[in-house]
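Topology and contacts: notes
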Amino acid sequence: MSDAVQHVSVVAGGGNEYLYDTSLSTLAAGPVEFMLTNRGTVEHQAMLIRLADAVDLAQFSLELLAAPTRLNIFRLAQGFGGPNGVWPNGAASTIQTLTPGSYAMVCLLPGTGLPNAARGMIRPFAVTARQTPPTIPADTGGDLPEFRLDEFQFLAPPGLRAGQSVRVVNAGHQTHELGLYRLEGTATPEDLVAAFERADPKPPTKEGAGLGGLRPGGEATFVLPRTPGSYALVCFFPDTSGSGKTHVHLGMLGRLTLS
Ligand SMILES: [Cu+2]
């Protein structure tokens, strides 16, 4: 294989709004690009999780259904990124290095009520050890601008452009996500969060991208949205240190202008 990066294409909202359409079943360990295309009518994501040893997908699914706050799911699985915040007619791409194990792609959206995973958006796949290491050193983004996540802030590099690739690093101790949503009109990031939290059917955005939950110490590469403009930065994961709040209310709310 001349190209060390494996490519996976996933369609959400195709034949069925709440199923992933993909031929994926097994990957070799190493860097993998996931491209999520949304042909449906609501926002979707394909967050990648690796199940902890001795945890199966049924246990993970039960925890998701039992606690829509998602407070305990990262005791059962680690976040490896994956495309996030993909609106209808949109697409997003991420690259992450996967180690051997049992994985799933999962949609935890919308943030209120039952996640789309409960309607079918959870799809297992396996990552197996390589017989031989890739002959080409995997470029997972070492030279790219670095975007850092930690408790509880986004640290964006200056001068980012629409459509550019960035490397995202979780420098914190909790799992974080990166959601970017283009703000319509005079809407502020606070307006967008309020609309999401009241399950407003018409939040002030029609375009997004981002990276699904990333474990502490994890990194991944993703492609910024292709439309220049003003974007809200949000992380809706729950604080696992006991505040009862989501990260967006602890400081993980920002604005990013893409030229
Ligand atoms: Cu966070």
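Values in this document were obtained by computation on a predicted structure and should not be read as measured data. (Residues numbered from 1 in each chain as written. Predicted model: local features only at pLDDT ≥ 70, side-chain atom pairs only at ≥ 80, totals over all residues. Heavy atoms only, no water.)

1. A look at the coordination of the copper ion
Note the following rule: Only nitrogen, oxygen and sulfur atoms qualify as donors, and only when within 2.8 Å of the metal (3.2 Å in the case of Na, K and Ca); with water excluded, sites may look incomplete. Working rule for geometry: tetrahedral if four donors all subtend angles between 85 and 135 degrees; square planar for four, octahedral for six, if opposite donors exceed 155 degrees and the others stay between 65 and 115; irregular in every other situation. Every helix listed is a DSSP run of H or I at least four residues long, and every strand listed is a run of E at least two residues long, numbered separately from the N terminus. Each residue gets one of three labels from its accessible area relative to the maximum for its type: buried under 20%, exposed over 50%, partly exposed in between, using a 1.4 Å probe on protein chains only.
The protein atoms that coordinate the copper ion are His176 (ND1), Cys235 (SG), His247 (ND1) and Met252 (SD), at distances of 2.0 to 2.5 Å. Given 4 donor atoms and angles of 86 to 143° at the metal, the environment of the copper ion is assigned as irregular. In the primary structure, the donors to the copper ion are separated according to the pattern H-x58-C-x11-H-x4-M. Taken together, the positions of Cys235 in the loop between β16 (229-234) and β17 (253-258) and His247 in the loop between β16 and β17 put the pair 12 residues apart, joining distant regions of the chain. Here the two residues Cys235 and His247 agree in accessibility, since each one is buried.

2. Digging into the layout of surface pockets
As a reminder of what qualifies: Using only the protein atoms, space was sampled on a 1 Å grid; points where a 1.4 Å probe fits but cannot get out form cavities, open sets with protein on both sides within 12 Å along at least five of seven lines form pockets, and lining residues are those with an atom within 4 Å of a point. Grid points are joined across faces, edges and corners, and a volume is the space filled by probe spheres set on the points. Residue polarity follows a fixed list, in which Ala, Val, Leu, Ile, Met, Phe, Trp, Tyr, Cys and Pro are nonpolar, Asp, Glu, Lys and Arg are charged, and the others, Gly among them, are polar.
Computed from the structure, the largest pocket encloses a volume of approximately 950 Å³. As for the largest pocket, its lining consists of 46 residues, and the residues nearest its centre are Leu109, Pro110, Gly111, Thr112 and Phe196. When contributions to the lining of the largest pocket are tallied by element, the ones reaching two or more residues are β13 (176-182) and α2 (189-197). Considered class by class, the residues forming the lining of the largest pocket number 20 nonpolar, 15 polar and 11 charged. Each pocket or cavity is described by its volume, and for the second largest pocket that value is around 190 Å³. Along its surface, the second largest pocket is lined by 16 residues, and Ala91, Ala92, Gly208, Pro225 and Arg226 are the ones closest to its centre. Sorting the residues of the lining of the second largest pocket by element identifies β7 (91-98) and β14 (208-214) as the ones contributing at least two each. When residues of the lining of the second largest pocket are assigned to their parent elements, the largest contribution, 3 residues, is made by β7.

3. Overview of the nonpolar core
How we decide: Joining through side-chain atoms within 4.5 Å is the link that ties buried Ala, Val, Leu, Ile, Met, Phe, Trp, Tyr and Cys residues into a set, and such a set is a nonpolar core. Whether two residues are in contact is decided by their heavy atoms, any of which lying within 4.5 Å being enough.
Core analysis: the largest hydrophobic core is formed by 59 residues, its most contacted members being Phe34, Phe60 and Leu178. What Phe60 contacts, discounting residues up to four positions off in sequence, is Ile49, Leu51, Ile73, Leu76, Ala77, Val106 and Ile122.

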